[in-house]
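Structure at a glance
What follows is the residue order along each chain.
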Amino acid sequence: MTTSTVFPHVRARGILRVVAGLFLLGVSSVAAHAAGCGEPIEPGQHRLTFQSGGVEREAIYVIPSNYSGKKKVPLVLDFHGSNSNPAVQIGRSHWNEVAEREGFVVMALAGSLKGELPNTHAWNVPGVTAGQGADESAAIRQLLKLAKETLCIDGTKVYASGYSGGGRMLSQYICNGFGDFAAAGFVMGLRAGTPVEENGVWQPRRESCQPSRPVSIIAFSGRKDHVNPFEGGGRAYWRYGGEVALNRWAELNGCATRASLEAGENADVSTHTDCRAGTSVVSYVIASADHAWPARTIRFQLASSKDDKAIREVDATDRMWEFFKASGGEMIATVAIDAACADTQKTAAISDGGQGARCTRTSKPDSNVPLVSDDL
């Protein structure tokens, strides 16, 4: 169900006034109660509009069926690519389905720039975009504020994912010192600051990425991505490659040792798990993937690092959610595989250092997503 709505500012302000009054009366237990807790909201997908810097912004939010308004739940922001919009992005990532199953809220903001196709948007990425768009960072902060004021959100479990141009926007948002997210996921779009050429080599401009705190990072890249090439090059906003970006995030997070590497037939995995504040940096580089969100035919194996050694197979979005839940540190991952592998193709168990199954399928775009040649 899709409805059109404006967040109830009056109700949110009323709740805040009540909380303030109770503090004056000495009822300190109210501090444990989120401002937006107490009222249920109709489940499903909703549209909202809000003001940020005098500009009307649009977004979509998804409420799971088990949302009661009494229990704090996680929040995931989903950033669309250029020449796209929130509805298409949620169809691409299917965060709505994961949210329904796992019981959290999803929000997707529309970028302030007009896309090259009707009803599409792009992001005014700080330090990069030449377009005269609105202040995206202010809008993101305003959306998060509204979410926490009007929904029962656990402020310690706020995450974000970005696809392509949305990944670039999310990267720069974190680089600019906004520490709202406990973990962030990127599909074909991880950056670590604006590109600069030094001695003939492209790399991130160090002063353009100064996060306020360590943040766990998971990134998915494609060897056949011609838009944002993993090996580097591409357009002016890109230039340095995906491995350079990952190494810079490992440095920013204060990771103590080099990444552990696991090579597979269709994907390579690198993992930093010894970083400050319990954060980690994980990268999947998929040999057959182009600029599309890894389709559900690409599977990733997971095994608990604790008592439960059972292996589960998930797609990219579910893998990202498991990473978010664990804050990046509690899951062991292996390479992308086909879920229907024959037993004879199994190798050593993950806990023994093996790579799991070795058969693969080719990545392809989701069928419900329009193909846009310049979806950045």
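In this text, all values refer to a predicted model and were calculated from it rather than measured experimentally. (Residues numbered from 1 in each chain as written. Predicted model: local features only at pLDDT ≥ 70, side-chain atom pairs only at ≥ 80, totals over all residues. Heavy atoms only, no water.)

What to know about the overall build of the chain
Helices and strands together make up the secondary structure of the chain, namely seven helices and 18 strands. Relative to its full complement of 376 residues, the chain shows a buried share of 55%. Sequence separation of at least 24 residues holds for 68% of the intrachain contacts in the chain that already meet a minimum separation of 6. A total accessible area of about 16,300 Å² is found for the chain, and carbon and sulfur atoms account for 50% of it. (Helix = DSSP H or I, 4+ residues; strand = E, 2+ residues; numbered from the N terminus. Buried < 20%, exposed > 50% of the residue type's maximum accessible area, 1.4 Å probe, protein only. Contact = heavy atoms within 4.5 Å. Areas by Shrake-Rupley, 256 points an atom, 1.4 Å probe, with all protein chains shown as cover.)

Focus on the state of the cysteines
Per the counting criterion, the structure on display carries three disulfides. Between Cys255 and Cys275 runs a disulfide, and the two sulfur atoms are separated by 1.9 Å. Between Cys255 and Cys275, the S-S dihedral sits near 95°, and the bridge is therefore right-handed. Taken together, the residues Cys255 in the loop between helix H6 (242–252) and strand S13 (260–263) and Cys275 in the loop between strand S14 (267–272) and strand S15 (281–286) connect sequence positions 20 residues apart. For the pair Cys255 and Cys275, a shared accessibility class is recorded, and that class is buried. (Disulfide = S-S within 2.5 Å.)

Let's talk about the pattern of salt bridges
This structure, assessed with the given rule, holds eleven salt bridges. Put simply, Arg57 and Glu136 hold a salt bridge, and the shortest N to O gap is 2.6 Å. Pair noted here: Arg57 is in strand S3 (residues 55–63) and Glu136 is in helix H4 (residues 136–150), with a separation of 79 residues, a long-range link. This pair shows no difference in class: Arg57 is buried, exactly as Glu136 is. Arg141 serves as the salt-bridge partner of Asp180, at 3.4 Å between the closest nitrogen and oxygen. Placement of the pair is Asp180 in the loop between helix H5 (165–175) and strand S9 (183–187) and Arg141 in helix H4, with a sequence separation of 39 residues. Given a relative accessible area of 13%, Asp180 falls into the buried group. When salt bridges with common partners are traced through the structure, they connect Arg101, Glu102, Asp318, Glu322 and Lys325 into a single cluster. (Salt bridge = Lys/Arg side-chain N within 4 Å of Asp/Glu carboxyl O.)

Topic: H4
In this model H4 runs 21 Å from its N-terminal to its C-terminal C-alpha over 15 residues, within 8% of the 21 Å that 1.5 Å per residue would give. If you check which residues of H4 are buried, you get Glu136, Ser137, Ala139, Ile140, Leu143, Leu144, Leu146, Ala147, Glu149 and Thr150. Among the residues of H4, the N-terminal cap falls to Asp135, whose side-chain oxygen and the backbone nitrogen of Ser137 are separated by 3.1 Å. (Expected span 1.5 Å × (residues − 1). Polar contact = N/O pair within 3.5 Å; in protein donor to acceptor, adjacent residues only side chain to side chain.)

Quick look at the pairing of strand S2 (residues 44–52)
Two strands pair when backbone bridges link them, and S2 and S3 are joined in this way by nine bridges, in the antiparallel orientation. By the bridge assignment, Gln51 is partnered in S3 with Glu56. Between S2 and S3, which pair antiparallel in sequence order, lie two residues; one of them, Gly53, sits at a positive phi of approximately 60°. (Pairing = 2+ DSSP bridges.)

A look at helix H3 (residues 95–102)
Along H3, the residues classified as buried are Trp95, Val98 and Ala99. When H3 is viewed along its axis, its buried side chains cluster within an angular range of 100° and face the same direction. Lining the buried residues of H3 we find strand S4 (73–79), helix H2 (86–93), strand S5 (105–109), strand S8 (153–163) and helix H7 (316–325). Backbone geometry just after H3 places Gly103 at a positive phi near 80°. (Arc of directions from axis to C-beta.)

Some words on the pairing of S5
The element S5 is largely enclosed, with a buried count of five among its five residues. Where S3 lies against S5, four bridges are found, and the strand directions are antiparallel. Counted as the bridge partner of Ala59 is Leu109 from S5. Taken together, the three bridges between S4 and S5 define a ladder with parallel strand orientation.

Observations concerning the environment of Asn124
Inspection of the secondary structure assignment puts Asn124 in the loop between strand S7 (121–122) and H4. Its relative accessible area of 15% is what places Asn124 among the buried residues. Engagement of the side chain of Asn124 in a polar contact is seen with the backbone oxygen of Gly133, the distance being 3.3 Å.

Re the confidence of the model for the chain
Caution applies to low-pLDDT parts of the model: their predicted coordinates are not meant to be read in detail. A residue-level look at the chain finds 76% of positions with pLDDT of 70 or above and a mean pLDDT of 81. Across residues 6–33, confidence stays below pLDDT 50; counting only partners more than four residues off in sequence or on other chains, it has 25 contacts. This stretch, residues 328–334, has a pLDDT under 50; its non-local contacts, to residues over four places away or in other chains, come to 29 contacts. (pLDDT = per-residue confidence, 0-100.)

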